[in-house]
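Coordinate analysis (summary)
Take a look at the letters that make up each chain.
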Amino acid sequence: MEIIGKNPYFGSQFQPMKKFWNILLVTSILVFALSSIYMIREPLWSWVPLFNYLSIFFIFIRIFKNRLASDSPKTRWLKLSLLSGAIFAIGFPPSPIFPGMMIGFIPMMILENEISQTFHRQKPGLLFGYLFFGFWFWNILSTFWVANTAYAAGMLANSVNAALMTLPWLAFHMLTFNKNYRGKYILLAGLWIMFEFLHTNWDISWPWLTLGNGMATCYPLIQWYEYTGYFGGSAWIWTINILVGLAWMDRAKKGTYLTTAGIVLTIPVLASLVLYYGYEEKGLPVDVVVVQPNFEPHYQKFNIPEEVQVDKIFNMTAAAIDSSVDLIVMPETVLDPVNMDDYYGQNPGLARFHDLLKLAPKSKILLGVGGYHIFSEDPGRSTIRHSDGLTYEMYNAAIMLESDSVVEEYHKSRFVPAAEIFPFKKVLPFLKPLVKKLGGTYEGFAAQPFPTNLKYRDSLEVAPIICYESIYGGWVRQYVERGAGLLAVITNDGWWDNTPGHLQHLAIGRLRAIENRKDIARAANTGTSCFINQRGDIRMATQYETDAVIRDKVNYSQEETFYSRHGDYIILLTAILSVIMLIFNYLPKKSSVK
């Protein structure tokens, strides 16, 4: 027998649960069928994918019941795992219940500890099963809305991300099995935070659920991100989880752990409130106009004739600008496709927008386009495409129009996996048909090696942050490092329909304002367009599915924060501390027997 001791819970007492499991299966199948019928018939799905994905989730739990819930201890472990997923979902934006982030890992800590104490040898496979369903539950509850872009891709993103989240825990389990010292959980936190960092820097990057993002709704409490960045938030959240978890598992020292947790929670919060209420906006005021044209992306944006869209945007903008405007910001992919070799000769929409500068002669226009460059010879890059005798490369780009014929351009460089970039293209070429089927592209969009700013008002620089890039704190910091005094987020949040997706994107984006103490002008095709000040306060926010133009003064500041200058040093400190804990883990312990 592998199990240590005799377990009184094994036996026939689980027969009454058979009815529960059967009801769960039947209900899940029914919900799946009804939600699928709805999604087949209706063009827009909104929250319906949540119920569809959850029905699939519970069907899988029923399938694996005999392995995951065959007796009382295993049923308890499944409950602990699902409890963690639910707590994190409750605590994640747009919810303001941030304490959920502070205790979400505790049930999983208890789960791993009980498995380690129950069996004579490591059980990474068993642990994976429980952790996977817990993390999958969190992913579905918080990011189900991805399905509104592509159903299969959304399910794949939720499930693959959940599997990846188990890796730090499995490594911890195998490295510390039968190690009873409490400091080992520092290693777990370190492994997790380094995983988060890796998850921002590879082909299947999806850092949406990074722990530090979880505080985005309660932003007055994390003003110290200007010193640590959002990975500092991850470290803070992990510290409190560990202390409260140890208080639960070690009742003899419960008071000490809870007191320490209270101190670790309170001091940063109080310091943040002092920073928040004492902060004074810095910089030169500039007059900015933001345009939200509101074209539904699934069935309007790419079907309505371009000249109709251009007329609408032109008229909306013209009514709001005058000679004192410094910058006009329009959303992502306002025009698509755009020949970037001959901007005005082959793109009448751009020529029409250029006429707006006659009404605002000192202004420039920042807008997103789906662009391409044609090459006379193949430059040999993996993003090069060949069609109808042409050799070309495509970009999700931002361009800056000015009164003369000069056009500056920037190419989006942080991509949504599968949809905008083929992951691990060189080693997984056989997946090309699947990516095509999911609506993605094998060649993908071409990127830049580092971000570049666009200039307005002669020498002032604005960071052209395109959609998904705004969740990458380290990437946005590089704009500031290269001279940006203002951040512009151009996006199309309508892909996710009116769900928490666009609200999360907005909330996470405000962290970039705090980290760098830079104002943000945010232009969404639909979703939320707004201005965000250097404290993270949102003003003049537009409603979802509305035509809107907003105008306000924002501050242009070239002052750099500690984080802007030094970047994600938290990762280096975490790696050093993890190595120290790993060495300590294998040091021989003094025997208590004399």
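Report on the accompanying structure.

**Some thoughts on the pairing of strand β7 (residues 407–411)**
Pairing of strand β6 (residues 390–401) with β7 involves five bridges; the strand directions are antiparallel. Residue pairing for β7: M400 is matched across the bridge by E408. The hairpin formed by β6 and β7 contains five residues between the paired strands.

**Digging into the state of the cysteines**
Evaluated as defined, the whole model comprises zero disulfides. Cysteine C218 remains unbridged, with the sulfur of C530 as its closest cysteine sulfur at 18 Å. Left without a disulfide partner, C467 is nearest to the cysteine sulfur of C530, which lies 14 Å away.

**Quick word on the environment of P429**
One can find P429 in the loop between β7 and α15 (432–437). With a relative accessible area of 41%, P429 lands in the partly exposed category. Measuring from C-alpha to C-alpha, the distance between P429 and Y442 comes to 8.6 Å, with 13 residues separating the pair along the chain. Among all residues touching P429, those that are not within four sequence positions of it are F422 and Y442.

**Some words on the packing of aromatic side chains**
All chains considered together, the criterion is met by 50 aromatic pairs. On the numbers, 5.7 Å between centres and 25 degrees between planes, the contact of F128 with F132 is stacked. Here the residue F128 and the residue F132 both occupy positions in helix α7 (residues 124–143), the gap between them amounting to four residues, near one helical turn. Relative accessible area serves as the criterion here: at 31%, F128 is assigned to the partly exposed category. F132 gets classed as buried once you look at its relative accessible area, which sits at 15%. For the ring pair F197 and F231, a centre distance of 6.0 Å and an interplane angle of 65 degrees mean the geometry is edge-to-face. Linking F197 in helix α9 (residues 184–198) with F231 in helix α11 (residues 230–249), this pair joins segments that are 34 residues apart in sequence.

**Regarding the packing of helix α6 (residues 106–118) against helix α8 (residues 151–176)**
Running from amino to carboxyl end, α6 crosses α8 at an angle of 35 degrees, the nearest separation of the two axes being 11 Å. Considering the relative orientation of α6 and α8, their crossing is right-handed. Along its contact with α6, which presents M108, M109, E112, I115 and S116, the element α8 presents W169, F172 and H173. Partitioned by chemical class, the residues of the contact of α6 with α8 number five nonpolar, two polar and one charged.

**Observations concerning the packing of α11 against helix α12 (residues 254–278)**
In the contact formed by α11 and α12, the axes pass within 7 Å of each other and the chain directions differ by 160 degrees. Of the possible angle classes, the one that applies to α11 and α12 is roughly antiparallel. Of the two possible hands of crossing, α11 and α12 adopt the one that is left-handed. Listed contacts from α12 to W236, T239, I240, L243, V244, L246 and A247 of α11 are K254, Y257, L258, T260, A261, V264, L265, P268 and V269.

**Structural notes on helix α17 (residues 500–516)**
For α17, with 17 residues, the first-to-last C-alpha span of 25 Å sits near the 24 Å given by 1.5 Å per residue. Most of α17 is tucked away, with 16 of its 17 residues classed as buried.

**Examining the side chain of T166**
On the secondary structure map, T166 appears in helix α8. The buried category is assigned to T166, whose relative accessible area is 0%. A distance of 2.6 Å separates a polar side-chain atom of T166 from the backbone oxygen of A163. Those residues in contact with T166, other than ones at most four positions away along the chain, are F128, L131, F132 and F135.

**A look at the sheet that holds strand β9 (residues 460–466)**
With mixed pairing, six strands are arranged side by side in an open sheet as β8-β9-β10-β11-β12-β13. The two strands at the open ends of the sheet, each matched to only one other strand, are β8 (454–456) and β13 (538–539). As judged from the three bridges shared by β8 and β9, these two strands associate in the antiparallel manner. Looking at β9, one finds that Y456 is bridged to L460.

What counts and how
- Residues numbered from 1 in each chain as written.
- Predicted model: local features only at pLDDT ≥ 70, side-chain atom pairs only at ≥ 80, totals over all residues.
- Heavy atoms only, no water.
- Pairing = 2+ DSSP bridges.
- Helix = DSSP H or I, 4+ residues; strand = E, 2+ residues; numbered from the N terminus.
- Disulfide = S-S within 2.5 Å.
- Buried < 20%, exposed > 50% of the residue type's maximum accessible area, 1.4 Å probe, protein only.
- Contact = heavy atoms within 4.5 Å.
- Phe/Tyr/Trp six-rings, centres within 6.5 Å; stacked < 30°, edge-to-face > 60°.
- Axes fitted to C-alpha atoms, helices over the stretch in contact; angles between N-to-C directions.
- Left-handed = near helix turned anticlockwise from the far one by under 90°.
- Nonpolar A, V, L, I, M, F, W, Y, C, P; charged D, E, K, R; others polar.
- Parallel < 35°, antiparallel > 145°, perpendicular 65-115°, else oblique.
- Expected span 1.5 Å × (residues − 1).
- Polar contact = N/O pair within 3.5 Å; in protein donor to acceptor, adjacent residues only side chain to side chain.

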